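Observations on the three-dimensional arrangement
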Amino acid sequence: MKRIFYILLLVVSLSGQAQNLMDYSIVLRENHDSIELRAAQELQSYLQKALHHNLPIIHENDYQAWQKAIFLGETRWTDAEILNIDSLKDDGYLLFTDRGNLYIYGNRGKAVLYGVYHFLEHLGFRLYTPSALYVPHNHELMMPQLDEVVNPSFAYREVLYYYPNHSQLYADWHGMHNRQDLKKDWGMFVHTFRKLIPTEIYFDTHPEWFSEINGRRVKDGQLCLSNPQVLDTLCVRLAEMMDENPSATIWSVSNNDNYNVCTCEACRKLDSLYGGPSGTLIHFINQVAERFPDKTISTLGYQFTRRAPQPAPQTQRPDSNVNIMFCSIECGRQEAVATAPSEASFRKDMEDWSAITDNIFMWDYVVQFRSMMNPFPNLHILQPNLQYFHDHGVRMMFEQATGADNKTAWMELRNYLLNKLMWNVDVNVDSIIHDFCSGYYGGAASEVEAILQECHKSLIASGQRLDIYGYPINGVEGYLSPDQIKKYQSYFAQARTHISTPEEKDRLRYLELSFDYAILELAMSEVSEELTFFNPDRTIRQSMLDRADAFVQDCERFGVGSLVEMGRSPEQFRADIDNFLRKSSRDNLAYKCPVSLRTDADSRYYAKGAQGLTDGVCGLLNYNYNWLGFYGTPMEAVVDLKARKSVQEISLDFFFLPLSWIFVPQQVDFYISNNGKSWKLLGSQKGHNPVELARPDIHTFKIQNLNTKGRYVKIVATPLPQIPDWHRATGNPCWIFTDEIIIKG
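In this text the structure is predicted, and so the values were computed from the model without any measurement.

With that out of the way, let us pick up the overall build of the protein. The helix and strand inventory of the protein stands at 21 helices and 26 strands. Its C-alpha atoms give the protein principal-axis dimensions of roughly 115 × 70 × 40 Å. Counting only contacts in the protein whose residues sit at least 6 apart along the sequence, the fraction spanning at least 24 positions is 76%. Split by element, the accessible area of the protein, about 30,400 Å² in all, is 49% carbon and sulfur. In the protein, 71 positive and 90 negative side-chain charges are present, and the distance between their average locations comes to 7 Å.

And the structure:
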């Protein structure tokens, strides 16, 4: 009887009929490794969730030929059945069914594990986020017919986002690398000149090792690559670091994050000899690489070295163990780099580098760093950009998002889509987006897709640049216009009527937070009658305050810690709103009063000129709008209150962002007068400029409890005499920016 049963099984198998997965065993080789064991356990665990049945995990010696099996990794059965193993590349894998059995095979890294997750997706499983797993509950799951070789488009695939770094499952499910993977291979990662030759150790004794700018050596610059002592010292320190971390195979020896390339006579001579600053850099890096032939030395094609070495007497080519980390930081995100007229120079640089090396690490950028919760409709350019990079020989792909510990607008979908594209740059993007929205947003999927489509359509129609360092105000004539925001709000209202679970409600709310952020920012710029914090009588709209409070509360609930790359919490954003409302209040004796400036604001940052200091329109955390800028000169403003009035308090704000050469004044002096000629000093306040390069802030200067009277108020803000020594632009004049003078009676 048993023999007849086995014969029947064989007939069914050979007939090509699909087999129920409940009939299968998972087979491993006897000396399986930890990845193969984990792959088997993961497959068993997830199938149990769907089938409510545990598939047994057995060793190949216990397998009987009549059994239905899923063979994982290298078994003797796999070797006998699979003929196209040589077609695998990098950590690619294959899925192959034959006579009812499934073979999942990969011979590098976590390839077998990746193959298991891919098989689960064939069955209908999805992992949209670490907490959003879809399981197809079906006791009748059948084995599909498969014959796939899946090779990744890029050998290294990383999206610097929250999920891959806080969930190893999420990273592995999607076959992605994270910071932990990078640390295994990289001894140092990017902008390492300052680590290899620290200014705090060497500048005082060897200033000649550092960049010469305008005839003086500076701390916050690059290295003097023409100095042979720099090469020797750097290599000694690099060797010490390699001894401490011998397993690391890639070491970055690369420019600091600034434009201060050395301009000494010797370096300029090398630039002309080797085809520009990048040629001088490659000449230097090749010498480092020659001393460490068993390591890969990575350096930067970034900012002043983005342009590849040009034809010259001794044009440089990177040696075989030199990696070029090529960066797209200057590019707009409104159109693909392959077709955007504005990106012609980037295309030339990409093509020039790919012509001289096949060892390129592409560093791309996919979020808006100064407004990380702002809607950022760049989904339409992700695929064509990745295709372009792939076609130009990029092997290592890095997408910088909001970092390993920050959350941002559209994070879930953007991360998911990038995962799919890095494995297959030609995947059907529309299908991926639709699948994600349907599975993640449930009943609200159609409205969410409509919102995404409207954002992208209106951006493209506007012809405006989408910048990674932009702000909501940059989209006010396009995808964030008042009319567009009304459309989005209508879609959200409809979507809320279609959601059916608390999870879907939270997911929709997280998406809506990005639009609330834009609304609040635009309302502080008072771009329309609807987008403002004020009623027609200038009383504050309670609905806007409620929106601001809900935004902060929900950011906290969802774990959104920073709204700006360099740090600005939702609570600080709420404080910025309060400061804006304080300055915009009509309870200001200076409101609409005449103002005179001893020296006009710079024409590049003029706002409304002198009258912009009393117009009730305040600056935000963006110095390009509603701020008056003064370059290297004091700001001396006189406000005419039109009559002699009681004055109790005087205040004004100054912007702070040393990265853009903007410092707060070293001192602000406050005066009062009855006739505009004879002045009484009311008080002075010293400014504090912390050693903080890239974190924007607003500093308030205030004197109070004055108990005085007068008609004219004068404020004199004295800038620092020059940019301080610690800064990369030391010796240059600095900017001061202010927006509104507040006088209280």
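Further remarks concern the sheet that holds strand 22 (residues 667–673). If you trace the five strands from one edge of the open sheet to the other, you get 18-20-25-22-23, paired in antiparallel fashion. On the outer flanks of this sheet lie strand 18 (595–597) and strand 23 (680–686), each paired with one strand and no other. Each strand of the sheet is rotated relative to its neighbour by a mean of 20°, with strand direction disregarded. In terms of strand pairing, strand 18 meets strand 20 (residues 635–647) through three bridges, oriented antiparallel. Bridge assignment links Leu-597 to a residue of strand 20, and that residue is Ala-637.

With that settled, the discussion passes to the environment of Ser-328. Mapped onto the secondary structure, Ser-328 falls in the loop between strand 15 (322–327) and helix 13 (344–356). Once the C-alpha coordinates of Ser-328 and Phe-573 are considered, the two residues, 245 residues apart in sequence, prove to be 29 Å apart. When sequence neighbours within four positions are dropped, the list of residues in contact with Ser-328 reads Arg-333, Phe-346, Met-362, Trp-363, Asp-364 and Tyr-365.

The packing of two helices is summarised by the inter-axis angle and the distance between the axes. In the contact formed by helix 16 (residues 429–441) and helix 19 (residues 502–524), the axes pass within 9 Å of each other and the chain directions differ by 125°. Between helix 16 and helix 19, the angle falls in the class oblique. In this structure, helix 16 uses Gly-439, Tyr-440 and Tyr-441 to contact helix 19, whose residues at the interface are Glu-504, Arg-507, Leu-508 and Leu-511. Here the contact of helix 16 with helix 19 is built from residues that sort into four nonpolar, one polar and two charged.

On to the packing of aromatic side chains, then. Scanning the model with the defined rule gives 52 aromatic pairs in all. With a centroid separation of 5.6 Å and an interplanar angle of 45°, the aromatic rings of Tyr-128 and Tyr-416 are classed as tilted. Residue Tyr-128 is found in strand 6 (residues 126–129), and its partner Tyr-416 is found in helix 15 (residues 411–423); the two are separated by 288 residues along the sequence. Owing to a relative accessible area of 4%, Tyr-128 belongs among the buried residues under this scheme. By relative accessible area, which is 1% here, Tyr-416 ends up buried. Taking 5.0 Å as the distance between ring centres and 55° as the angle between the ring planes, the aromatic pair formed by Tyr-488 and Phe-515 counts as tilted. Taken together, the residues Tyr-488 in helix 18 (residues 482–496) and Phe-515 in helix 19 connect sequence positions 27 residues apart. One exposure class covers both Tyr-488 and Phe-515, and it is buried. For Arg-538, the ring lying beneath its charged end belongs to Phe-534, and the centroid distance is 3.8 Å. We note Lys-714 situated over the ring of Tyr-671; from NZ or CZ to the ring centre the distance is 4.9 Å.

Below, the discussion takes up the state of the cysteines. By the definition in use, this model includes zero disulfides. Cysteine Cys-618 remains unbridged, with the sulfur of Cys-593 as its closest cysteine sulfur at 15 Å. Residue Cys-618 is classed as buried on the basis of its relative accessible area of 1%.

Take unusual backbone geometry next. Backbone phi values are negative for most residues with the exception of glycine, while trans is the configuration of most peptide bonds. Even without glycine at this site, Glu-526 takes up a positive phi of about 50°. With respect to the helices, strands and loops of the structure, Glu-526 is situated in the loop between helix 19 and helix 20 (542–558). For Glu-526, a relative accessible area of 26% gives the class partly exposed.

Two side chains that carry opposite charge are able to pair once their charged atoms sit near each other. Applying the stated criterion across every chain, the model contains 46 salt bridges. Note that Asp-640 is salt-bridged to Arg-711, the shortest N-O span being 2.7 Å. Of this pair, Asp-640 sits in strand 20 while Arg-711 sits in strand 25 (residues 708–718), placing them 71 residues apart in sequence. Exposure remark for Arg-711: the relative accessible area of 28% places this residue in the partly exposed category. A single network of salt bridges, built from pairs that share partners, joins Arg-496, Asp-506, Arg-509, Glu-512, Asp-516, Arg-547, Asp-554 and Arg-557.

Considering only enclosed or pocket space, the second largest pocket measures out at about 630 Å³ in volume. Taken together, 19 residues make up the lining of the second largest pocket; nearest its centre are Arg-108, Ala-155, Tyr-156, His-177 and Asp-185. Counting residues per element, the lining of the second largest pocket draws most heavily on helix 7 (residues 179–185), which supplies three residues. Residue composition of the lining of the second largest pocket, grouped by class: six nonpolar, five polar and eight charged.

In this section: the nonpolar core. Judged by nonpolar contacts, the single largest core of 184 residues is most densely connected at Ile-70, Phe-119 and Phe-533. With twelve residues, helix 19 is the largest single contributor of residues to this core. Ignoring sequence-local partners within four residues, the contact set of Phe-533 consists of Leu-520, Ala-523, Met-524, Thr-539, Ile-540, Arg-541, Met-544, Leu-545, Ile-577, Phe-580 and Leu-581.

Conventions we followed
- Residues numbered from 1 in each chain as written.
- Predicted model: local features only at pLDDT ≥ 70, side-chain atom pairs only at ≥ 80, totals over all residues.
- Heavy atoms only, no water.
- Helix = DSSP H or I, 4+ residues; strand = E, 2+ residues; numbered from the N terminus.
- Contact = heavy atoms within 4.5 Å.
- Areas by Shrake-Rupley, 256 points an atom, 1.4 Å probe, with all protein chains shown as cover.
- Lys, Arg positive; Asp, Glu negative; His and termini not counted.
- Charge placed at Lys NZ, Arg CZ, Asp CG, Glu CD.
- Pairing = 2+ DSSP bridges.
- Axes fitted to C-alpha atoms, helices over the stretch in contact; angles between N-to-C directions.
- Parallel < 35°, antiparallel > 145°, perpendicular 65-115°, else oblique.
- Nonpolar A, V, L, I, M, F, W, Y, C, P; charged D, E, K, R; others polar.
- Phe/Tyr/Trp six-rings, centres within 6.5 Å; stacked < 30°, edge-to-face > 60°.
- Buried < 20%, exposed > 50% of the residue type's maximum accessible area, 1.4 Å probe, protein only.
- Lys NZ or Arg CZ within 6 Å of the ring centre and 35° of its normal.
- Disulfide = S-S within 2.5 Å.
- Salt bridge = Lys/Arg side-chain N within 4 Å of Asp/Glu carboxyl O.
- 1 Å grid on protein atoms, 1.4 Å probe; cavity = no way out; pocket = protein on both sides within 12 Å on 5 of 7 lines; lining within 4 Å.
- Points joined across faces, edges and corners; volume = space filled by probe spheres on them.
- Core = buried A, V, L, I, M, F, W, Y, C linked by side-chain atoms within 4.5 Å.

That's the geometry; what it means functionally is another story.
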